[in-house]
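# Fold and contact review
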Amino acid sequence: IGQRFLLGEGWLSTPNKERGVRWLQEAADQGHVDALALLALSAGNSTTKGSKASRAALPLLQAAAAKGHLAAQVALGEAYDKGDGVTRDLGMAASLWATAALQSSLEARVRLGNYLASPARSALARAAISAAVG
């Protein structure tokens, strides 16, 4: 329901972000990881680097990524890659993408592949893959 309000889907023709966020927050509070990730991704969406909304989304994104949400892992990897809201850490970015790639995330595989193709980042990507595989 929260996603429908947020995006104006289905029977809702007009988005209502406030109601959507309330529904998603209630679901996230009950442990629904998809709601947590959607809250994070919507809070960080359409914001400039380091903005207040982006900083507010970071703990939500970290929590969803820690619970195995693929889109959250990819987005958090992007934040580490760019230094958006966190200290830039290319190894952490590669690690998050490797974890998501092992769970069949095509986007993570593409990003990790780009790292492997870059001579400067290749060693980080290989180390992240080794750590993720175990």
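Heads up: these notes are all about the structure in this document. All of these numbers come straight from a predicted model, not from anything done at the bench.

Calculation rules
- Residues numbered from 1 in each chain as written.
- Predicted model: local features only at pLDDT ≥ 70, side-chain atom pairs only at ≥ 80, totals over all residues.
- Heavy atoms only, no water.
- Helix = DSSP H or I, 4+ residues; strand = E, 2+ residues; numbered from the N terminus.
- Buried < 20%, exposed > 50% of the residue type's maximum accessible area, 1.4 Å probe, protein only.
- Contact = heavy atoms within 4.5 Å.
- Areas by Shrake-Rupley, 256 points an atom, 1.4 Å probe, with all protein chains shown as cover.
- Core = buried A, V, L, I, M, F, W, Y, C linked by side-chain atoms within 4.5 Å.
- Expected span 1.5 Å × (residues − 1).
- Arc of directions from axis to C-beta.
- Salt bridge = Lys/Arg side-chain N within 4 Å of Asp/Glu carboxyl O.

### With respect to the overall build of the protein chain
A tally of regular secondary structure across the protein chain gives eight helices and zero strands. Beginning at the N terminus, the succession of helices and strands in the protein chain can be written as α-α-α-α-α-α-α-α. Split into buried and exposed, the 134 residues of the protein chain put 35% on the buried side. Within the protein chain, residue pairs in contact and separated by at least 24 positions form 36% of the contacts whose partners lie at least 6 positions apart. Surface accessibility of the protein chain: about 7600 Å² in total, with carbon and sulfur atoms responsible for 54%.

### Observations concerning the nonpolar core
Ala-72, Leu-76, Tyr-80, Trp-97, Ala-108, Leu-112 and Tyr-115 are the most contacted members of the largest nonpolar core, which totals 29 residues. Contributions of two or more residues to this core are made by α2 (17-29), α3 (33-44), α4 (52-66), α5 (70-82), α6 (90-102), α7 (106-117) and α8 (122-133). Considering each element in turn, this core owes the most residues, seven residues, to α6. When near neighbours in sequence (up to four residues on either side) are disregarded, Ala-72 contacts Ala-37, Leu-61, Ala-64 and Ala-65.

### A closer look at α8
Its 12 residues place the ends of α8 16 Å apart at the C-alpha level, agreeing with the 16 Å of an ideal helix rising 1.5 Å per residue. Within the sequence span of α8, burial applies to Ser-122, Ala-125 and Ala-128. Down the axis of α8, the sector holding all buried residues measures 125°, keeping them to one side. Every exposed residue of α8 that faces more than 90 degrees away from the buried side is listed here: Ala-123, Arg-126, Ser-130 and Ala-131. Each element contacted by the buried residues of α8 is listed here: α6 and α7.

### Section: the pattern of salt bridges
Note that side chains of opposite charge can pair when their charged atoms are close. Scanning all chains against the criterion turns up three salt bridges. We note a salt bridge from Arg-111 to Glu-78, for which the minimum N-O separation is 2.2 Å. Taken as a pair, Arg-111 in helix α7 and Glu-78 in helix α5 lie far apart in primary sequence, 33 residues in all. For Arg-111, a relative accessible area of 23% corresponds to the partly exposed category. For Glu-78, a relative accessible area of 17% corresponds to the buried category.

### Describing unusual backbone geometry
Of note in this structure, Ser-104 is not a glycine but carries a positive phi near 80°. Mapping Ser-104 onto the fold places it in the loop between α6 and α7.

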